[in-house]
Amino acid sequence: AATLADGVTIIENAAKEPHIVDVANFLNTMGADIMGAGTDTIRIRGVKELVGNATYSVVPDQIETGTFMVAAVASQGDILIKNCIPKHMESLTAKLLEMGAKVETGGDSIRVFCDQRPKKVNIKTQPYPGFPTDLQSQMGVALSIAEGVSIIEENIWDSRFNYTIELNNMNANIKVQGKRAIFNGVKNLKGTTVTATDLRAGAALLIAGIIADGETELRNIEHIDRGYEKIEQKFTKLGAKIKRTGKW
C-alpha cells in the first residue's frame, strides 16, 4: 500500500524473514522505492505508479523446507529437498545436528537423514535469523519422541503451544508453563483423532500421525492447505500412508 502513497512511509519493528525481502525486491523491480527490507525499519517513498512488465522468481518457502527437514528427523528417515536455499535454514540445521541428524547441503538442496532416536535440545524462538516460530510446532513433534527432556521457549506467538494438547492425546508427555513447554520424550506416539488449530500445528500433527503407531485421523485440514500445496502427495511419495477423506 505504501508504494503508491504520497510521501514517505516508515514501517518500524518490521519482520526480517527472506520473504519480506523478496516482496520488497519484487516491488522495486516494478518501480517501487523501498529501502531497509531485512532490517527492523523499512522506508518506502511513494511513487506515482508501478509498471506491470516485470519478471520475477519467488524465493523458495523456507518453512515448507523446514517442515520436511524436521519430518526426516522425527521419522528417522532420509529426505532430499530440492529448490531451497540452505542459508535460510541455518538456525534449524544447527538444532537438527545437535539432535544427532546428518545434514548435507548443495547449492539449492538439502539432504537430512537420521538413523537414531533424536537427542534432546532446547530451543528459543526468535525473529529471523533466529529459530522461527513457524517451525516450533513441527520441532515439538520431534522433541516429543526424543531422548531426555527438552524445552521450547516461545517468544513470538502466544498461542503456538495449542498443538501440545493434541500431542498429549497421542501419548506425548508435554507440560506447558507460560511461554515454555517441557517435553519429556516418549518412545512412541499413538494414533488417535486430533484437530489442527492453526497452519503450523496442522503440519506438525500430520508428521505426528506419520510416525505414530496405528491410525491417526487429522481434522480441520483446511489450515494445512493454506500454507502447503498437496502436502499429503509429497509425503506419500516419501513412503507415508495418507488418505484425504474430505474436500481437496
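From a predicted model like this one, the values you see are computed outputs, not experimental measurements. (Residues numbered from 1 in each chain as written. Predicted model: local features only at pLDDT ≥ 70, side-chain atom pairs only at ≥ 80, totals over all residues. Heavy atoms only, no water.)

Participant: Explain the sheet that holds strand β10 (residues 180-184) to me, using residue names and the numbers behind them.
Facilitator: The sheet built from four strands is open, its strands ordered β7-β8-β10-β9 with mixed pairing. Strand pairing shows two members of the sheet lacking a second neighbour, β7 (122-124) and β9 (174-177), which therefore form its edges. Each neighbouring strand pair of the sheet contributes to a mean axis angle of 10°, computed without reference to strand direction. (Pairing = 2+ DSSP bridges. Helix = DSSP H or I, 4+ residues; strand = E, 2+ residues; numbered from the N terminus. Axes fitted to C-alpha atoms, helices over the stretch in contact; angles between N-to-C directions.)

Participant: Could you give me a rundown of helix α1 (residues 18-29), with the residues and numbers involved?
Facilitator: Look at α1: 17 Å from first C-alpha to last across twelve residues, which is about the 16 Å you get at 1.5 Å a residue. By the burial criterion, the buried members of α1 are P18, D22 and A24. Along α1, the residues classed as buried sweep out an arc of 165° about the axis, all on the same side. Of the surrounding secondary structure, the elements contacted by the buried residues of α1 are β2 (33-35) and α2 (62-74). Of the residues flanking the end of α1, it is G31, one or two places downstream, whose phi is positive at about 105°. (Expected span 1.5 Å × (residues − 1). Buried < 20%, exposed > 50% of the residue type's maximum accessible area, 1.4 Å probe, protein only. Arc of directions from axis to C-beta. Contact = heavy atoms within 4.5 Å.)

Participant: Account for the nonpolar core, with residues named and values stated.
Facilitator: Ranked by internal contacts, the top residues of the largest apolar core, which has 58 residues, are L92, L96, M139, L143, L167 and L189. In terms of residues, this core owes the most to one element, helix α6 (residues 199-211), which gives nine residues. Each residue touching M139, except ones within four places of it in the same chain, is listed here: V70, L92, K95, L96, M99, I123 and F131. Counting seven residues, the second-largest nonpolar core is a separate cluster that includes A2, A24, I34 and I44. (Core = buried A, V, L, I, M, F, W, Y, C linked by side-chain atoms within 4.5 Å.)

Participant: How would you explain the packing of aromatic side chains if you had to name every residue and give the values?
Facilitator: Under the criterion given, the structure shown has two aromatic pairs. Aromatic pair F26 and Y56: ring centres 5.5 Å apart, planes at 50°, arrangement tilted. Linking F26 in helix α1 with Y56 in the loop between β3 (42-45) and α2, this pair joins segments that are 30 residues apart in sequence. Here Y56 falls in the partly exposed class, since its relative accessible area comes to 28%. We note R111 situated over the ring of F113; from NZ or CZ to the ring centre the distance is 3.9 Å. (Phe/Tyr/Trp six-rings, centres within 6.5 Å; stacked < 30°, edge-to-face > 60°. Lys NZ or Arg CZ within 6 Å of the ring centre and 35° of its normal.)

Participant: Could you give an account of helix α4 (residues 136-144), with specific residues and numbers?
Facilitator: Where burial is concerned, most of α4 is hidden: nine out of the nine residues are buried. Listed as buried for α4 are Q136, S137, Q138, M139, G140, V141, A142, L143 and S144.

Participant: Residue-level account of the pattern of salt bridges, with values.
Facilitator: Evaluation of the coordinates by the stated rule reveals twelve salt bridges. Across the pair D78 and R111 runs a salt bridge whose closest N-O atoms are separated by 2.7 Å. You can see D78 sitting in strand β4 (residues 78-82) and its partner R111 sitting in strand β6 (residues 109-113), a full 33 residues away along the chain. Judged by its relative accessible area of 44%, D78 is partly exposed. Among the residues examined, R111 registers a relative accessible area of 28% and is labelled partly exposed. With its nearest N and O atoms 3.7 Å apart, the salt bridge here joins D134 to R200. On the criterion of sequence distance, the pair formed by D134 in the loop between β7 and α4 and R200 in helix α6 is long-range, its members being 66 residues apart. (Salt bridge = Lys/Arg side-chain N within 4 Å of Asp/Glu carboxyl O.)

Participant: Could you give me a rundown of the sheet that holds β6, with the residues and numbers involved?
Facilitator: Pairing within the open sheet is antiparallel, and its three strands lie in the order β4-β6-β5. Each of the sheet's edge strands pairs with one partner strand only, and the pair in question is β4 and β5 (102-105). Within this sheet the neighbouring strands show an average axis-to-axis angle of 15°, counted without direction. Across four bridges, the pairing between β5 and β6 is antiparallel.

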